[in-house]
Amino acid sequence: MNGNTNEIRPEEFYKKLLDYRQQEGLATSHMGIRVTDAAPGWARGEMNFEKYHLNPIGSVHGGVIFFLADSVGGTAACTRGSVVTTSNGMIHYLKPAINPKKLIAEAEEIKAGKNILIYDVYIRTEDDTLIAKATMEYYSMHKSIL
């Protein structure tokens, strides 16, 4: 980890990271996204389905799915210890998410460079149906996350 994060135990760091990424009043809390777990280069999060997530055809809006992918991918990038900002993202929508109970996203690290961090993010429904796969790129701000 970068910055001052070496001074705290890893389990404390991940708890503080999850708290930091889920502050009340931020966009993720308004969308109902909860990042549930994180480890080096990895994160997992979920979002319960709400009617306001729908698009006009009755499936979860693609922007909502992308929002979830970016939020969980960004958390995975932050596990490296630095504040990041999204620099690029690409998503493939594989199946419509029609009335899921929950969407679950899992981010896996592809590259953790000095400046650029890249993650594949898989979005599934509660019954493990893969609905989308995103590749997200983040730029390190070289500022300690905590």
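Our subject is the structure that appears above.
Keep in mind it's a predicted model, so treat the numbers as computed, not measured.

Draft legend 1. Summary view of helix α3 (residues 62-78). A rise of 1.5 Å per residue sets the reference length of α3, with its 17 residues, at 24 Å; its end C-alpha atoms lie 24 Å apart and thus fit the reference within 8%. By the criterion of burial, α3 is predominantly enclosed, with 12 of the 17 residues buried. Within α3, burial applies to V64, I65, L68, A69, S71, V72, G73, G74, T75, A76, A77 and C78.

Draft legend 2. A look at the side chain of S71. If you trace the backbone, S71 turns up in helix α3. One polar contact links the side chain of S71 to the main-chain carbonyl oxygen of F67, over a distance of 2.9 Å. Once residues within four sequence positions are removed from consideration, S71 is found in contact with R21, T28 and I33.

Draft legend 3. Main features of the pairing of strand β4 (residues 102-112). Alignment of strand β2 (residues 42-48) against β4, held across seven bridges, turns out to be antiparallel. If you follow G45 over to β4, its bridge partner there is A105. As defined by bridge partners, β4 adjoins strand β5 (residues 116-125) across nine bridges and the pair is classed as antiparallel. Across the sheet, K111 pairs through a bridge with I118, a residue of β5. Between β4 and β5, which pair antiparallel one after the other, the connecting turn spans three residues.

Draft legend 4. Structural detail: the sheet that holds β5. Ordered by their spatial adjacency, six strands build an open sheet running β1-β2-β4-β5-β6-β3, and the pairing between neighbours is antiparallel. Where the open sheet ends on each side, the last strands, each with one partner, are β1 (33-39) and β3 (82-93). Here the average twist between neighbouring strands, direction ignored, is 25 degrees. Bridging between β5 and strand β6 (residues 130-144) involves nine bridges; their strand directions are antiparallel. Following the sheet pairing, I116 is matched in β6 by Y139. Lying over the sheet, helix α1 (residues 10-21) contacts β1 and β3, oriented at roughly 160 degrees with respect to β1. Against the sheet, α3 contacts β1, β2, β3, β4, β5 and β6, and its axis sits at roughly 140 degrees relative to β3.

Draft legend 5. Molecular detail of the environment of S144. Topologically, S144 is positioned in strand β6. Between the C-alpha atoms of S144 and S29, which are 115 residues apart in sequence, the distance is 23 Å.

Draft legend 6. Broad picture of the nonpolar core. Among the nonpolar cores identified, the biggest contains 36 residues, and L17, I65, L68, L103, V121, I123 and I131 are the most heavily contacted of them. For this core, the secondary-structure elements that each account for two or more residues are α1, β1, β2, α3, β3, β4, β5 and β6. If one sorts the elements of this core by residue count, α3 sits on top with eight residues. Discounting chain neighbours no more than four positions away, the residues touching I131 are I65, H92, Y93, L94, K95, P96, A97, L103, I123, R124 and T125.

Draft legend 7. Region of the structure containing the environment of H53. Examined against the element boundaries, H53 turns out to sit in the loop between β2 and α3. Once you skip the residues sitting within four places of it in the chain, H53 turns out to touch M31, M47, N48, S59, V60, H61 and V64.

Draft legend 8. Fine view of the packing of aromatic side chains. If you walk through the whole model with that rule in mind, you get two aromatic pairs. Pairing F13 with Y14 gives two aromatic rings, centres 5.1 Å apart and planes at 75 degrees, and the pair type is edge-to-face. Taking the relative accessible area as the measure of exposure, F13 reaches 0% and is therefore buried.

The rules we used
- Residues numbered from 1 in each chain as written.
- Predicted model: local features only at pLDDT ≥ 70, side-chain atom pairs only at ≥ 80, totals over all residues.
- Heavy atoms only, no water.
- Helix = DSSP H or I, 4+ residues; strand = E, 2+ residues; numbered from the N terminus.
- Expected span 1.5 Å × (residues − 1).
- Buried < 20%, exposed > 50% of the residue type's maximum accessible area, 1.4 Å probe, protein only.
- Polar contact = N/O pair within 3.5 Å; in protein donor to acceptor, adjacent residues only side chain to side chain.
- Contact = heavy atoms within 4.5 Å.
- Pairing = 2+ DSSP bridges.
- Axes fitted to C-alpha atoms, helices over the stretch in contact; angles between N-to-C directions.
- Core = buried A, V, L, I, M, F, W, Y, C linked by side-chain atoms within 4.5 Å.
- Phe/Tyr/Trp six-rings, centres within 6.5 Å; stacked < 30°, edge-to-face > 60°.

Function cannot be inferred from these measures alone, as they are strictly geometric.
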